[in-house]
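Per-entry structural report
So you can see what is in the structure, the chains are spelled out below.
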Amino acid sequence: MLSLLSLLCLFLVWTKGAGAVDSNLPFMDYLDQNHLVCLKWGFDNHQGNITFKLIVNTTGWVSFGFSPNGGMKGSDIVIGGVGSSGTYFSDRHATGNTMPVVDDQQSYTLLSLNESDGQTIMTVQRPIQLCDDQDFYIPTQSVKVIYAYGNTDDIVYHGALRGTKEINLLNFNPKTTITSPNYISARVENIAIPPIHTYYHCKLMKFPTLTAKKHIFQIEPVIENVDLVHHMLLYSCPSYVTELYDRPCYMGDIGDVCFGVVAAWGMGGGVFEFPKDTGIPIGEDNEKIFRLEIHYNNPGTEAGRTDSSGLKLHYTAPRKYDVATLQTGLMIIPHMAYNIPPKAAQFHSYGVCNTSLFSQLMNPVPDLHVFAVMLHTHTAGRKVRVVLYRGGKLIEHLAADADYDFQRQESISLGTIKTIKLGDEIAVECTYNTTNRTEVTRMGLATTDEMCLAFLLYYPAIKITLCESHPNTRVSMGSTTSEQEDIAAQETFLKSIKQMQFVSDDNYNFGHYEHGFVREMTKTPKVTCQSGNTASRLRTSFIVNPAGVVLLLLWIVMM
């Protein structure tokens, strides 16, 4: 059965020319936040063909394709339209930020191309397992889908008429039919943004009283100033936090201990919808306090700006599973220096979590079923991956992004459920590039600082909210003889020394373990074609975005 959003894609005003329902194209997602670009697709099996229908609100040229990093270079693109002389269509690849080059082999078959009621509708088909150097192999994990279009049939620079969205095409999690119009608004109201580069504002609030348990199934951002709002996080507070306030964050207020991630949005993200049968529980404790944290990035230090951004939390009747978020990665401890050296082409940092620590704060501990992940670094981050160990052996990569983009903070589905058992170890590895920096980069809050975090969305919910580590940097390191040797020696030192591991529950109770360590990691497996040829142009991403997506972000004040 088609979802309500699929029907909207066909019947709303902007889609009135899309034609009849396509029974063989059961999947649909908007590629842009304004719902002007709709992609529908369908396939019979993972070794066969896949069909795409692109519906764009324009009478000019249209295009979509797949990119290793969300940009033009290295992408696989098709371009088509209906001009004064008829239809035109070609399969291309991009070698840079220039006009894509026509492929030697045209691997996409044009099924139809027409204009109707102000829209251009292009339907194409291709094999899923393309193995040549000019086309992407579509994996069972996520793909960065890119699009662009023009207002005329002159194929020139698209300007702002472009975008990127990460979608798991072969394991897509369809949006559910909205069964409830009810939502809770978590927003600030007309706050003044100070003329400083980085500003964090926090509002502690109670939700409206609910008479029974409900589940949040969709998180919708409401952004008033897209040029200022960098990210938003909604945290739950421990039971002893009772004061409501609306003022700058991290000023020593009791609300600074509120860090159980409930919902979040990051720049580049859109609406996030939870999988069927899951949701975030609310309404069981109407006295509970939540903290909305908004990070404003104001590099121009503009004065006189105000903002009323926030989140809409859409809720419905209780579903089968309660969802929670586990924050993992490298803990930020202000009084223990962890600095990334400048001029480093690659520098790796690590955070580890031994889940046996959970038993210090609760018992029994059930298996955790992870269905989505949000990865987070700042502007020096280039790669992030999360791996799972059992019995000291690496059993699988939970997620990896080898072309991390700070401008697209999205939550991503794993496509399949990954199970974490008590005693398993989780490791988060972040790779940074600081070749353009002359000073050390510290771990901290500011955009110019760095982080290394992974937020794991899972069910059933338990009270553990955080499991992170920090190397015991109280141990000193000797000097070496050259800049590059210093960089390599520092990375090796930070990886090899003992890791102080910490676990916390939703009431800010801590457990810890002083003697963890970073295990060796194997290389992230690459996607390969059935023929055995490596699909080199899809080397970048093993993470998945199921619903359009949103994101969880960021950091936590620990000490």
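Given the structure is predicted, the values throughout are model-derived calculations rather than measurements.

Let us now look at the overall build of the chain. When you go through the chain residue by residue, the secondary structure sums to two helices and 37 strands. Counting across all 559 residues of the chain, residues that qualify as buried make up 59%. For the chain, the proportion of contacts with a sequence separation of at least 24, taken over those separated by at least 6, is 76%. Entry remark: accessible area of the chain is about 22,300 Å², with carbon and sulfur atoms responsible for 51%.

What follows concerns the layout of surface pockets. Approximately 630 Å³ is the volume found for the second largest pocket. In this structure, the second largest pocket is lined by 36 residues; those nearest its centre are S236, V262, I280, P281 and K288. Counting residues per element, the ones that place at least two in the lining of the second largest pocket are β18 (260–266), β20 (278–282), β25 (324–330) and β35 (464–471). No other element matches β18, which puts five residues into the lining of the second largest pocket.

Our focus in this paragraph is the state of the cysteines. This structure, assessed with the given rule, holds four disulfides. One disulfide in the model links C237 with C258; its S-S distance is 2.1 Å. Disulfide C237-C258: the torsion about the S-S bond is 105 degrees, which places it as right-handed. Residue C237 is located in the loop between β16 (229–236) and β17 (246–248), and its partner C258 is located in the loop between β17 and β18; the two are separated by 21 residues in the primary sequence. Comparing C237 with C258, the two get one shared label, buried. In this model, C430 is linked to C452 through a disulfide, with the two sulfur atoms separated by 2.1 Å. Its S-S torsion of about 90 degrees marks the bond between C430 and C452 as right-handed, since a negative value means left-handed. Of this pair, C430 sits in strand β32 (residues 425–432) while C452 sits in the loop between β33 (441–442) and β34 (453–459), and the two are 22 residues apart along the sequence.

Turning to the sheet that holds β25, a few remarks are in order. Two orientations exist for strands paired in a sheet by backbone hydrogen bonds: parallel and antiparallel. Strand order in the open sheet formed by seven strands is β31-β28-β34-β25-β35-β36-β37, and the pairing between neighbours is mixed. Across the chains shown, the open sheet's two edge strands, defined by having one partner strand only, are β31 (412–420) and β37 (510–516). The average angle at which neighbouring strand axes cross in this sheet is 25 degrees, direction not considered. Across five bridges, the pairing between strand β36 (residues 499–505) and β37 is antiparallel.

On to the sheet that holds β17, then. The sheet built from five strands is open, its strands ordered β17-β14-β21-β16-β18 with antiparallel pairing. In the strand order of this sheet, the two ends are held by β17 and β18, each with one partner. Across this sheet, the average inter-strand angle for adjacent strands is 20 degrees, counted without regard to direction. In terms of strand pairing, β16 meets strand β21 (residues 289–297) through seven bridges, oriented antiparallel. Its bridge partner being in β21, H231 is matched across the sheet by H295.

Now for the pairing of strand β4 (residues 62–67). The buried fraction of β4 amounts to six of the six residues, a majority that puts the element mostly inside the structure. Going residue by residue along β4, you find V62, F64 and F66 tucked away on one face and S63, G65 and S67 tucked away on the opposite face as well. Bridge count for β4 against strand β5 (residues 76–83) is five bridges, and the pairing is antiparallel. Residue pairing across strands places V62 opposite G80, the latter belonging to β5.

This paragraph deals with the side chain of T123. Looking at the element boundaries, T123 is found in strand β9 (residues 119–127). Other than its neighbours up to four places away in sequence, T123 contacts T51, F52, K53, T109, L110, L111 and S112.

Time to look at the pattern of salt bridges. Under the counting rule described, the total for this entry stands at 18 salt bridges. For D76, the salt bridge is made with R126, and the minimal N-O distance between the two is 3.6 Å. Of the two residues, D76 sits in strand β5 while R126 sits in strand β9, which places them 50 residues apart along the sequence. Classification of R126 by relative accessible area gives buried; the value is 1%. Ionic pairing is found between D401 and K144, a salt bridge with its closest N-O pair at 3.5 Å.

Cut-offs applied
- Residues numbered from 1 in each chain as written.
- Predicted model: local features only at pLDDT ≥ 70, side-chain atom pairs only at ≥ 80, totals over all residues.
- Heavy atoms only, no water.
- Helix = DSSP H or I, 4+ residues; strand = E, 2+ residues; numbered from the N terminus.
- Buried < 20%, exposed > 50% of the residue type's maximum accessible area, 1.4 Å probe, protein only.
- Contact = heavy atoms within 4.5 Å.
- Areas by Shrake-Rupley, 256 points an atom, 1.4 Å probe, with all protein chains shown as cover.
- 1 Å grid on protein atoms, 1.4 Å probe; cavity = no way out; pocket = protein on both sides within 12 Å on 5 of 7 lines; lining within 4 Å.
- Points joined across faces, edges and corners; volume = space filled by probe spheres on them.
- Disulfide = S-S within 2.5 Å.
- Pairing = 2+ DSSP bridges.
- Axes fitted to C-alpha atoms, helices over the stretch in contact; angles between N-to-C directions.
- Salt bridge = Lys/Arg side-chain N within 4 Å of Asp/Glu carboxyl O.

Purely geometric stuff here, so don't read any function into it on its own.
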